[in-house]
Amino acid sequence: MRHLLSTKDMSRDDAITLLDIAEDMADVADREVKKLPTLRGKTVVNLFFEDSTRTRISFEAAAKRLSADVINFSAKGSSVSKGESLKDTAQTLAAMGADAVVIRHPASGAPHVLAESGWIDAGIINAGDGMHEHPTQALLDAFTIRRRLHQGGARGKGLDGVTVTIVGDILHSRVARSNVWLLTTLGAHVTFVAPPTLLPMDLTGWPAEVGFDLDAAIDSGPDVVMMLRIQLERMNAAFFPNSREYSRRWGLDDERFARLAPTSIVMHPGPMNRGLEISSAAADSAGSTVREQVANGVSVRMAALYLLLSGDREDS
Ligand code: CP
């Protein structure tokens, strides 16, 4: 794997291979000594132009568990405030010996620019670009679903026939975009449920059904309900008139949560707006995978770094 930019062009075999390697990495996490020497001598740069808790820290943990050196860059407090460009910032970090760059950027396509420009010779991982994609989030979500549903052993398996309802702010969600491609590639059936103002205008070609009634979606008995964060920082009042109304119609509140089948999984990529898109009872329930998703993120990111940095990087 040369770069990891998107799940849209990822094949089923490649996705399953990465998830299976993540299973091996999770076995390492269960050991007393959690480190592998695999990436000793390699340097991973975390290049974050947007805030992050889970993604940045789990990439750092993943790289360190594989014995790589890690350089953390945050745009806040850097020379970006003096006008330094993405190219100059990336080349400055590359001059310090970056083998892989994990980039989060508010502009959709920034990781692709870095990968295709030839500015630096490093593997690029997209850690979230604007409203476009967040591939490692989708991979850790798929890993989490697969583990929960195939408790006897998930290796080698896809998500054939699994029903996933993704609820909320689809319009601004890179998590929804990466998930719809990856989950359907793995055989799942995806339904979006959202207010009309929080859906993209044109969903042509998206492999998802669309609904507007969360109660009907809950009563249809989905295997997975994935709640999305309302991204207030990316919208204005025309998109999102009022929190109480939103919660009443599209929130996973206590009453809706109680109607879910006991086997249904409740997911959220975090950070959560408790009481808005999800109640605390749902978020903290036995059916919730919120903390599992975070833990699994380290194993999945170890697998991604391993595929990117061990051996020769292939074109793909
Ligand atoms: N899920 C996710 O991307 O969280 P962070 O913004 O904290 O990285």
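If you look the chain up in an unreviewed UniProt entry, it shows as Aspartate carbamoyltransferase from Cryobacterium shii. Per UniProt, the chain has the following entry under Function (unreviewed entry): "Catalyzes the condensation of carbamoyl phosphate and aspartate to form carbamoyl aspartate and inorganic phosphate, the committed step in the de novo pyrimidine nucleotide biosynthesis pathway." Of the chain, the UniProt comment under Subunit (unreviewed entry) reads exactly: "Heterododecamer (2C3:3R2) of six catalytic PyrB chains organized as two trimers (C3), and six regulatory PyrI chains organized as three dimers (R2)."

Asker: Explain the site of the ligand to me, please; I cannot follow it from the model alone.
Answerer: S52, T53, R54, T55, G128, Q137, P269, G270 and P271 make up every residue found near the ligand. Of the residues belonging to the shell around the ligand, the class tally is two nonpolar, six polar and one charged. Formed jointly, the shell around the ligand draws a minimum of three residues from each of two domains, domain 1 (12–133 + 294–309) and domain 2 (135–288).

Asker: Would you take a moment to explain the nonpolar core for this structure?
Answerer: Residues A100, V101, V102, A142, V167 and L305 are the most contacted members of the largest nonpolar core, which totals 88 residues. Take this core: its biggest share by element is ten residues, from helix α11 (residues 290–309). In terms of domain composition, this core takes at least three residues from each of domain 1 (12–133 + 294–309) and domain 2 (135–288). With sequence-adjacent residues up to four places away left out, A142 is seen in contact with L19, L159, L182, L183 and L186.

Asker: Is there a simple way to think about the domain arrangement of the chain in this case?
Answerer: Interface extent is often summarised as the accessible area lost during association of the parts. Domains assigned within the chain are domain 1 (12–133 + 294–309) and domain 2 (135–288). Taking only C-alpha atoms into account, the centre of domain 1 sits 25 Å from that of domain 2. Taken together, the 24 residues of domain 1 in the interface contact 22 residues of domain 2. Mapped by element, the contributors of at least two residues to the side of domain 1 that touches domain 2 are α1 (12–29), β4 (123–129) and α11. When residues in the side of domain 1 that touches domain 2 are grouped by element, the largest group, eight residues, is from α1.

Asker: Is there a simple way to think about α1 in this case?
Answerer: For an α-helix the count is 3.6 residues per turn, leaving residues at separations of three or four pointing the same way. Its 18 residues place the ends of α1 25 Å apart at the C-alpha level, agreeing with the 26 Å of an ideal helix rising 1.5 Å per residue. Along α1, the positions that sit buried rather than exposed are A15, I16, L18, L19, A22 and M25. Residues of α1 that are buried in the fold lie against α5 (135–149), α6 (174–185) and α11.

Asker: Looking at this model, I keep getting lost on the sheet that holds β4. Mind explaining?
Answerer: Backbone hydrogen bonds hold the strands of a sheet together, and the pairing may be parallel or antiparallel. Ordered by their spatial adjacency, four strands build an open sheet running β2-β1-β3-β4, and the pairing between neighbours is parallel. One side of each edge strand has no neighbouring strand; the edge strands of this open sheet are β2 (69–74) and β4. Sheet twist, expressed as the mean angle between neighbouring strand axes with direction ignored, is 15°. Judged from the five bridges that link them, strand β1 (residues 43–48) and strand β3 (residues 100–105) form a sheet pairing that is parallel. Paired with V44 across the strands is A100, a residue of β3.

Asker: Can you walk me through the UniProt feature "binding site: carbamoyl phosphate" (unreviewed entry) in the chain in this structure?
Answerer: Here the UniProt feature "binding site: carbamoyl phosphate" (unreviewed entry) sits at R54, T55, R104, H134, Q137, G270 and P271. Within the fold, H134 resides in the loop between β4 and α5. Judged by the 25 C-beta atoms lying within 10 Å of it, H134 is buried. Residues within four places of H134 in sequence aside, it is in contact with G128, R174, V175 and S178. Looking at where Q137 falls in the secondary structure, it is placed in helix α5.

Asker: Which parts of the structure should I look at to understand the pairing of β4?
Answerer: Within β4, seven of the seven residues are buried, which leaves it mostly tucked inside the rest of the structure. In this sheet, β4 lies alongside β3 in parallel orientation, the contact comprising five bridges. Counterpart to H105 in the pairing with β4 is D129. As for the winding sense of the linkage, the β-α-β connection from β3 through helix α4 (residues 110–117) to β4 is right-handed.

Reading guide: rules and limits
- Residues numbered from 1 in each chain as written.
- Predicted model: local features only at pLDDT ≥ 70, side-chain atom pairs only at ≥ 80, totals over all residues.
- UniProt positions renumbered as here; feature names shortened; annotations may be inferred.
- Near = placed C-beta within 6 Å.
- Nonpolar A, V, L, I, M, F, W, Y, C, P; charged D, E, K, R; others polar.
- Domains from an automatic or database assignment.
- Core = buried A, V, L, I, M, F, W, Y, C linked by C-beta atoms within 7 Å.
- Buried ≥ 20, exposed ≤ 12 C-beta atoms within 10 Å, placed from the backbone.
- Helix = DSSP H or I, 4+ residues; strand = E, 2+ residues; numbered from the N terminus.
- Contact = placed C-beta atoms within 7 Å.
- Expected span 1.5 Å × (residues − 1).
- Pairing = 2+ DSSP bridges.
- Axes fitted to C-alpha atoms, helices over the stretch in contact; angles between N-to-C directions.
- Right-handed = clockwise from strand over helix to strand, strands pointing away.

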